[in-house]
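So you can see what is in the structure, the chains are spelled out below.
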Amino acid sequence: MFKNKYIFLIISEIILFFLLSYRLLKVPTGLTVDESAFGWNAALLSRSAHDQNGKLLPLFVSSINNSDWRQPWTQYYITVFFKIFGISIYNLRLSSVVLILLSSILLYKLVLRILDWKYALVSVFLFVFTPVIFMHSHLGLDNIMPIPFTLIWLTSLYQYQKYKNNKYLIYAALSLGSSFYSYKGMRAVVPVWSCLSVFYVMYLNYKPKIILINLVKKTLPFVFGILPFFIIIPYLSRLYPGAIFGGARPKLSEIYTLFYAYFSHFDINFLFIKGDNLLFHSTQKHGMMLLATAPLFFLGLYQSFRNKNFWTFISLSFFSAPLLFGLVDSVYRASRIQCIVPSYILICILGLNTIVKYKYSKIILVILTILVFLNFSSFLKYYWYTYPKFTENIFGNMKRNESYKVFASEATSRNLPHYVDRGAYEGFFDNIYFDNSSVILDYQEIPRVPSIYLSTQGDLLGFEKLDVKIPEFNIYVRRWIKK
């Protein structure tokens with residue numbers, strides 16, 4: 001038997017890598033608008049350090065006809081990924097697979113500190129098997145970017161509880177503050193978790209008859225560490241109008257509306273049966289979490305409040321995260337609250353730790369293991385093979401990518417300048433196959449020199465249509481110069 005606990009982790013990560021990357025380009029069938037925007041700008045930035053608007057290394061990238069902003073952590077993470085591994089649709093999605101695996105390692109290290117390596121290894125599988133996590137490993141989006149920051153925040157606070165060293169408070173503050181700019185949904189979570197962190201630090205340092213001012217001083221490393229991330233908001237809002245809050249201005253509504261939004265995130269059907277309201281982020285046949293993990297979760301939840309230590313803090317982080325979501329009308333959106341998945345898995349691990357102490361623990365664990373694998377297998381079968389068929393109408397397909405591949409091959413083999421009409425242009429696909437972006441012109445505007453042209457139109461005067469079969473488009477060549 002292997003004696004090094006990390007060998008088991010490495011083997012597990014390799015297995016999970018192949019599991020997550022299986023059918024990566026087939027599920028879902030096409031790219032979302034946001035994926036294309038991330039991919040296009042990452043391609044441009046990796047080549048020229050300029051975004052689609054010609055701006056040099058902007059903190060936020062304006063995209064989708066200036067209607068939305070790409071958040072910096074994900075945009076530059078994909079940029080670096082493309083720089084190292086190359087520009088492609090596969091690598092766009094593979095970047096999410098790698099992020100999930102890196103997050104699972106952070107989770108492993110946290111559980112290893114709290115319990116032991118066996119529980120840590122189980123936590124890795126439970127995390128990756130979580131439907132909302134597994135699905136977003138196949139999307140080149142920023143919904144999952146808060147997860148590693150959340151795990152670093154939790155780990156740092158645990159280390160502070162254990163060693164009372166202020167450097168861990170600074171690490172926690174920097175990580176939580178950074179997560180504010182990782183995904184728009186974190187704008188509503190970070191303020192709540194910041195307050196929770198301050199109260200937790202005060203709780204850890206509380207002693208009978210302690211002077212309040214001395215208790216407050218204990219929180220200052222965290223407060224001063226996270227404060228700059230909030231102070232800079234007005235300045236960033238002037239530089240990038242709408243990038244921080246994107247028009248989602250918090251508004252006070254009637255109390256029942258606020259409660260409805262908050263409790264929607266803990267609806268049993270939402271958590272374990274249906275999942276996100278949008279098919280982009282859920283099969284709507286499987287919950288945000290695996291149903292078979294529910295017994296572990298509820299048992300762990302009960303134990304966490306009995307223990308009254310870091311486990312209680314974990315549970316509070318889980319339940320407090322969507323506290324402000326009612327102010328922005330976010331209801332039944334699992335994709336926006338994935339930052340709670342690490343807390344959920346940790347609570348499940350506590351439940352597992354509790355079961356191990358029971359008399360008939362082996363029988364219970366065998367039954368639970370079988371149920372988890374059956375539940376996950378059911379999800380996988382549906383997600384891999386049925387889900388793509390039902391969602392092609394919303395995701396589209398990769399036909400335009402196939403067309404660009406053929407177009408690029410013809411342009412390269414003929415050594416001709418390449419042009420694309422406005423209706424056919426796809427920034428991301430174009431940058432996958434051309435080092436220099438195609439010029440976007442109507443066919444009447446193309447210089448009267450030998451050239452190759454990708455178009456949605458039929459026969460064009462002065463152009464010869466190539467006899468190649470590609471989806472949706474036609475390829476034309478101008479072979480002569482008109483005098």
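Before reading on, note that the structure itself is shown above.
Cut-offs used in this document
Residues numbered from 1 in each chain as written. Predicted model: local features only at pLDDT ≥ 70, side-chain atom pairs only at ≥ 80, totals over all residues. Heavy atoms only, no water. Helix = DSSP H or I, 4+ residues; strand = E, 2+ residues; numbered from the N terminus. Buried < 20%, exposed > 50% of the residue type's maximum accessible area, 1.4 Å probe, protein only. Contact = heavy atoms within 4.5 Å. Lys, Arg positive; Asp, Glu negative; His and termini not counted. Charge placed at Lys NZ, Arg CZ, Asp CG, Glu CD. Core = buried A, V, L, I, M, F, W, Y, C linked by side-chain atoms within 4.5 Å. Pairing = 2+ DSSP bridges. Axes fitted to C-alpha atoms, helices over the stretch in contact; angles between N-to-C directions. Parallel < 35°, antiparallel > 145°, perpendicular 65-115°, else oblique. Nonpolar A, V, L, I, M, F, W, Y, C, P; charged D, E, K, R; others polar. Expected span 1.5 Å × (residues − 1). Disulfide = S-S within 2.5 Å. Phe/Tyr/Trp six-rings, centres within 6.5 Å; stacked < 30°, edge-to-face > 60°. Lys NZ or Arg CZ within 6 Å of the ring centre and 35° of its normal. Arc of directions from axis to C-beta.

## A short note on the overall build of the chain
For the chain, the count of helices and strands is 20 helices and 7 strands. Projected onto its principal axes, the C-alpha positions of the chain cover 95 × 55 × 50 Å. Buried positions account for 55% of the 483 residues belonging to the chain. Taking the intrachain contacts of the chain between residues at least 6 apart in sequence as the baseline, contacts between residues at least 24 apart amount to 70%. Distance from the positive charge centre (47 side chains) to the negative charge centre (24 side chains) of the chain: 15 Å.

## A short note on unusual backbone geometry
In this chain, Val27 is followed by Pro28 through a cis amide linkage whose omega measures -5°. Positionally, Pro28 belongs in the loop between helix H1 (5–21) and helix H2 (33–48). Positive phi, normally seen in glycine, also occurs at Arg23, with a value near 55°. Inspection of the secondary structure assignment puts Arg23 in the loop between H1 and H2. With a phi angle near 55°, Lys164 is a residue other than glycine that sits in the positive phi range. Along the chain, Lys164 falls in the loop between helix H7 (146–163) and helix H8 (166–179).

## Re the nonpolar core
Counting 117 residues, the largest nonpolar core has Phe127, Phe134, Trp153, Trp193, Met288 and Phe310 as the members making the most contacts within it. In terms of residue count, helix H4 (residues 89–114) provides more of this core than any other element does, 11 residues in total. With near-sequence residues (within four places) excluded, Phe134 lies in contact with Leu19, Leu20, Val128, Phe376, Phe379, Leu380, Tyr383 and Trp384. Membership of the second largest hydrophobic core comes to 29 residues, among which are Ile89, Leu92, Tyr404 and Ile470.

## Section: the sheet that holds strand S5 (residues 451–455)
If you walk across this open sheet you meet the 5 strands as S4-S3-S5-S7-S6, and the pairing is mixed. Pairing within the sheet leaves two strands with one partner each, and these edge strands are strand S4 (439–440) and strand S6 (464–465). The sheet contact formed by S6 and strand S7 (residues 474–478) spans 2 bridges and is antiparallel. Considered in S7, the bridge of Lys465 is made with Tyr476. Strands in contact with helix H19 (residues 399–414) are strand S3 (418–420), S5 and S7; relative to S5, the strand with the most contacts, it is inclined by about 170°.

## Concerning the pairing of S7
Counting buried residues in S7 gives 5 out of 5 residues, a clear majority hidden from the surface. Direction of pairing for S5 relative to S7: antiparallel, over a ladder of 5 bridges. Pairing of Ser451 across the sheet is with Arg478, part of S7.

## Quick look at the packing of helix H15 (residues 294–307) against helix H17 (residues 341–355)
Two elements in contact, H15 and H17, have axes whose closest approach is 7 Å; the angle formed by their N-to-C orientations is 85°. Taken together, the axes of H15 and H17 lie roughly perpendicular to each other. Across the interface between the two elements, Ala294, Leu296, Phe297, Leu299, Gly300, Leu301, Gln303, Ser304 and Asn307 of H15 pack against Tyr344, Ile347, Cys348, Leu350, Gly351, Leu352, Thr354 and Ile355 of H17. Grouping the amino acids of the contact of H15 with H17 by side-chain chemistry returns 11 nonpolar, 6 polar and no charged.

## With respect to H17
Taking 1.5 Å per residue as the helical rise, H17 with its 15 residues ought to reach 21 Å, and the 21 Å between its terminal C-alpha atoms agrees with that figure. In terms of residue burial, H17 counts as a mostly covered element, since 15 of its 15 residues are buried.

## Re the state of the cysteines
According to the stated counting rule, one finds 0 disulfides in the structure shown. With no disulfide of its own, Cys195 has Cys339 as its nearest cysteine by sulfur position, at a separation of 15 Å. Cys339 sits in the buried class, given a relative accessible area of 2%.

## Remarks on the packing of aromatic side chains
A full pass over the atoms with the stated rule returns 56 aromatic pairs. Positioned above the aromatic ring of Phe38, the side-chain terminus of Arg70 is 4.6 Å from the ring centre. Above the ring of Tyr160, the side-chain terminus of Lys164 is found at 6.0 Å from the ring centroid.

## With respect to helix H13 (residues 255–264)
For H13, the complete set of buried residues consists of Leu258, Ala261, Tyr262 and Ser264. End-on, the buried residues of H13 take up no more than an arc of 165°, which puts them together on one face.

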